[in-house]
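Each chain, written out:
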Amino acid sequence: MHQAGSGTDGRQRVVVVGGGFAGYHALRRLRRLLPERDTELVLVTPNDYLLYTPLLPEVAAGTIEPRHIAIALRPALPGVRLVLARAVAVDTGRRTVALDRPVAAAEGPEGRDELRWDRLVLVPGSVTRQFPISGLSENAHALKTLVEAVYLRDHLLVQLDLADACPQTAAGDRERRRLLTVVAVGAGYTGTEYVAQAQLWLRRLEGRWDRTKSDDVRWILADLAPAVLPELGGRLGRYALDVLRRRGVDVRLGTTVSSVGPDSVALTDGTVVETRTVIWGAGVAPNPLVGTVGAPLDRGRLVVDATLRVPSVPGVWAAGDAAAVPDLTARPAGAGPTMLPPTAQHAQRQGRILARNVAASYGKGRPRAYRHRDLGLVADLGGTAAVARPLGVPLTGRPAKALARAYHLYALPEASSRLRVLTDWALGAVLAPQEAQLGLAARRDALIPAAQLGAGTVDGQRAASP
Ligand SMILES: Cc1cc2nc3c(=O)[nH]c(=O)nc-3n(C[C@H](O)[C@H](O)[C@H](O)COP(=O)(O)OP(=O)(O)OC[C@H]3O[C@@H](n4cnc5c(N)ncnc54)[C@H](O)[C@@H]3O)c2cc1C
């Protein structure tokens, strides 16, 4: 029996902030390790689902239904209290986390909506990295949340519908060219997979338009780096570059964006491209919430030790994209520990180790260090094109594609979501793509501040005013 805690009925309360890969896997194991009669488990997260982000480009490219990669948290986490809210600040002195949610359930002084904790697990993930580039947050769209993916899918259809209806005048032709131009910035897996897959998707749909063919769409993929998919190494990056260029994508390496307007984008190679579609995929930054802890950060990520504990604050752990986790498998290079990359592969495994270590703080078992050698990444380029590096072995084409799909089916939590995704792939192989646009995601809600940080929305739902 533990000492009286902050939870309901005086139970110890473990608060987990973030219902993504790390949070989901941590809670599954915590519920097994800590009996419900002693410990209340609370999950604070803005949505009631875990988002399987690796398949987001397939949602944006119309091949997978959005709900099929949203794994419902309530049934998956029995015995966990779900609080649909955004955590906005952590007070380590008072052991509280302040919440932003539409209906305040005041637990703290002066009506402030907050939760007390005895143990705190910070796993709020990351947000799309933004730079101080004029017009970026008002005009560019990222691909990190479901609302962004759903919006992008419809947006592209709308652009082609509008282009098809443009009058055949000089002004109409100019507007048509603008509507038929897509600029994606960032040739990591998000930008590259999106461009490659959306391009093939439009090809399968082109019967929808009277005078517009998918080849009329001009695709530009820009990145400041000298290679495509640098995460996968030179050979696979060159293969992906070759696939994209053969399909007519204008890949501009060593190039980024200097400003983004509603109708055009200025690139650092001196060109101005008229477009109404700018996709921003230039990497991620840790969730700003971890900056409120007041503990040391490494490039914005909360520094943890190998057991995923925040060393300077008793009772606090962190993992996933928001934490700087030392890589115990890296060979010593003399310049201090290497930090693990922000991937789902690490986040889910860190979640499980973290759960063991939180339980160990209650005397159940012994703490363990996190050690996992990267299994490699996969990137699906649409059709039969893909690249993968399982355990360091470079694969391309059909074998990489088969591996990518097998990996997703293995990594997707819950058998029902695997079956749903498998069904989408099977139907996609025999049926024409479903082309209806639903218009469910408003443009404003799909901009980075609203979609990823909740600015102007209430718990991820649309605010009432226009
Ligand atoms: C398009 C795309 C493709 C990717 N492909 C791959 C891939 O193929 N392989 C791979 O390994 N990785 C991939 N990743 C990276 C992977 O998604 C992340 O590394 C992983 O999601 C990190 O897990 P996490 O638990 O740290 O964060 P997430 O899974 O992002 O979970 C964070 C959770 O915290 C919630 N949250 C955010 N802010 C707050 C707050 N203030 N309060 C409470 N809750 C909050 C979020 O809503 C979310 O539920 C991809 C990412 C993207 C965007």
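Residues numbered from 1 in each chain as written. Predicted model: local features only at pLDDT ≥ 70, side-chain atom pairs only at ≥ 80, totals over all residues. Heavy atoms only, no water.

A. Structural context of the overall build of the protein chain. Looking only at helices and strands, one finds 12 helices and 25 strands in the protein chain. The C-alpha radius of gyration of the protein chain comes to 23 Å, within 12% of the 23 Å expected for a compact globule of 466 residues. Counting only C-alpha atoms, the protein chain reaches 75 × 50 × 45 Å along its principal axes. When the 466 residues of the protein chain are sorted by exposure, 52% land in the buried category. (Helix = DSSP H or I, 4+ residues; strand = E, 2+ residues; numbered from the N terminus. Rg over C-alpha atoms; globule rule 2.2 N^0.38 Å. Buried < 20%, exposed > 50% of the residue type's maximum accessible area, 1.4 Å probe, protein only.)

B. Focus on the pattern of salt bridges. Using the criterion set out here, one finds 24 salt bridges in the structure. Between Glu435 and Arg208 there is a salt bridge; the shortest N-O distance is 3.1 Å. Here the residue Glu435 occupies a position in the loop between α11 (415–430) and α12 (448–453), and Arg208 occupies one in the loop between α7 (189–205) and β12 (218–223), the gap between them amounting to 227 residues. In this structure Glu435 comes out as partly exposed when scored by relative accessible area, which is 31%. Ionic pairing is found between Asp269 and Arg252, a salt bridge with its closest N-O pair at 2.9 Å. (Salt bridge = Lys/Arg side-chain N within 4 Å of Asp/Glu carboxyl O.)

C. Highlighting empty space enclosed by the protein. The tally for this structure, following the rule as stated, stands at 1 cavity of 30 Å³ or more. For the largest cavity, the calculated volume is near 40 Å³. Lining the largest cavity are Arg301, Gly320, Asp321, Ala323, Val325, Leu340, Pro341, Pro342, Thr343, His346, Ala347 and Gln350. When residues in the lining of the largest cavity are grouped by element, the largest group, 3 residues, is from helix α9 (residues 344–361). A breakdown of the residues in the lining of the largest cavity according to their chemical character gives 6 nonpolar, 4 polar and 2 charged. (1 Å grid on protein atoms, 1.4 Å probe; cavity = no way out; pocket = protein on both sides within 12 Å on 5 of 7 lines; lining within 4 Å. Points joined across faces, edges and corners; volume = space filled by probe spheres on them. Nonpolar A, V, L, I, M, F, W, Y, C, P; charged D, E, K, R; others polar.)

D. A look at helix α8 (residues 234–246). Between its terminal C-alpha atoms α8 stretches 18 Å, which fits the 18 Å expected from 13 residues at 1.5 Å a residue. Where α8 is concerned, the buried positions are Leu236, Gly237, Ala240, Leu241, Val243 and Leu244. Looking straight down α8, one finds its buried side chains confined to an arc of 160°; they lie on one side. Exposed and facing more than 90 degrees away from the buried side of α8 are Arg235, Arg238 and Arg246. Next to the buried residues of α8 lie α7, β12, β13 (250–253), β24 (386–388) and β25 (395–396). Immediately beyond the C-terminal end of α8, within one or two residues, lies Gly248, with a positive phi of roughly 95°. (Expected span 1.5 Å × (residues − 1). Arc of directions from axis to C-beta. Contact = heavy atoms within 4.5 Å.)

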